[in-house]
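Structure at a glance
The primary structure of each chain is shown beneath.
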Amino acid sequence: MPTPYTGGCQCGAVRYVLTAEPIRIGACHCKECQRQSGSAFGMFMPVKKDSLTVTGLTKEVTRISDSGNEVTGAFCPECGVRIYHAPKSAPDVLSLKPGTLDDTSWLRPDLFIWMKSAQGWVPVPDCVKALERQP
């Protein structure tokens, strides 16, 4: 699917345009992503920071990830939907939450991380690399 990609939160208060292809698409099975997503894993899509334009106000929360890195999450203060994470260890990259895209039909993860925390019933597709931790 060609750029630009558009997306936003559930209530529409936060919208974005992504003008470059994502670096990759993955699923994180760490306990924090399970908690944040309310599911078995959270998806992530690293993108170049300068390729993402966000409109609307966001609220930020900073935490220490399972790997020990500082990560700041940006979300809609109205509906609570997480839009992206900003890892301190990669200042030129934002990790967009791909479920917030307007069209998610083309999403195919190529990496699963934190499999040591994965729910046992989640299958790993044959074409997906799976790592016990984060690279």
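Quantities reported herein were computed from a predicted structural model and do not represent experimental measurements.

Taken as a whole and assessed by the stated rule, the structure comprises zero disulfides. With no disulfide of its own, C11 lies closest to C9 among cysteine sulfurs, the gap being 3.7 Å. Relative accessible area serves as the criterion here: at 45%, C11 is assigned to the partly exposed category. Left unpaired, C28 is separated from the closest cysteine sulfur, that of C30, by 3.6 Å. Taking the relative accessible area as the measure of exposure, C28 reaches 6% and is therefore buried.

Looking at the protein as a whole, the pLDDT averages 90, with 99% of positions reaching at least 70. Ranking the helices and strands of the protein by mean pLDDT puts strand β2 (residues 15-18) first, with 98, and helix α1 (residues 31-37) last, with 81.

Moving on, we come to the sheet that holds strand β7 (residues 70-75). Across the sheet, which stays open at both edges, the eight strands sit in the order β6-β7-β8-β9-β4-β3-β10-β11 with mixed pairing between neighbours. Two strands close off the open sheet at either side, each with one partner strand: β6 (59-64) and β11 (129-130). Pairing between strand β3 (residues 26-28) and strand β10 (residues 111-113): three bridges, direction parallel. Each bridged residue has a counterpart across the sheet, and for C28 the counterpart in β10 is I113.

On to unusual backbone geometry. Notably, W114 is not glycine yet its phi reads approximately 60°, a positive angle. Relative to the elements of secondary structure, W114 occurs in the loop between β10 and β11. Given a relative accessible area of 3%, W114 falls into the buried group.

Within the open sheet, the three strands sit side by side as β1-β2-β5. Their pairing is antiparallel. This sheet does not close on itself; its edge strands, each paired only once, are β1 (5-8) and β5 (52-55). On average, adjacent strands in this sheet sit at an angle of 15° to one another, irrespective of strand direction.

When you line up the elements, R82 lands in strand β8 (residues 82-87). There is no salt bridge for the buried R82, and the closest opposite charge comes from E32, which lies 5.8 Å off by N-O distance. A polar contact is formed between the side chain of R82 and the side chain of H85, at a distance of 3.0 Å. Apart from the residues lying within four places of it in its own chain, the contact partners of R82 are Q36, G73, A74, F75, K97 and T100.

Rules used throughout
- Residues numbered from 1 in each chain as written.
- Predicted model: local features only at pLDDT ≥ 70, side-chain atom pairs only at ≥ 80, totals over all residues.
- Heavy atoms only, no water.
- Disulfide = S-S within 2.5 Å.
- Buried < 20%, exposed > 50% of the residue type's maximum accessible area, 1.4 Å probe, protein only.
- pLDDT = per-residue confidence, 0-100.
- Helix = DSSP H or I, 4+ residues; strand = E, 2+ residues; numbered from the N terminus.
- Pairing = 2+ DSSP bridges.
- Axes fitted to C-alpha atoms, helices over the stretch in contact; angles between N-to-C directions.
- Lys, Arg positive; Asp, Glu negative; His and termini not counted.
- Salt bridge = Lys/Arg side-chain N within 4 Å of Asp/Glu carboxyl O.
- Polar contact = N/O pair within 3.5 Å; in protein donor to acceptor, adjacent residues only side chain to side chain.
- Contact = heavy atoms within 4.5 Å.

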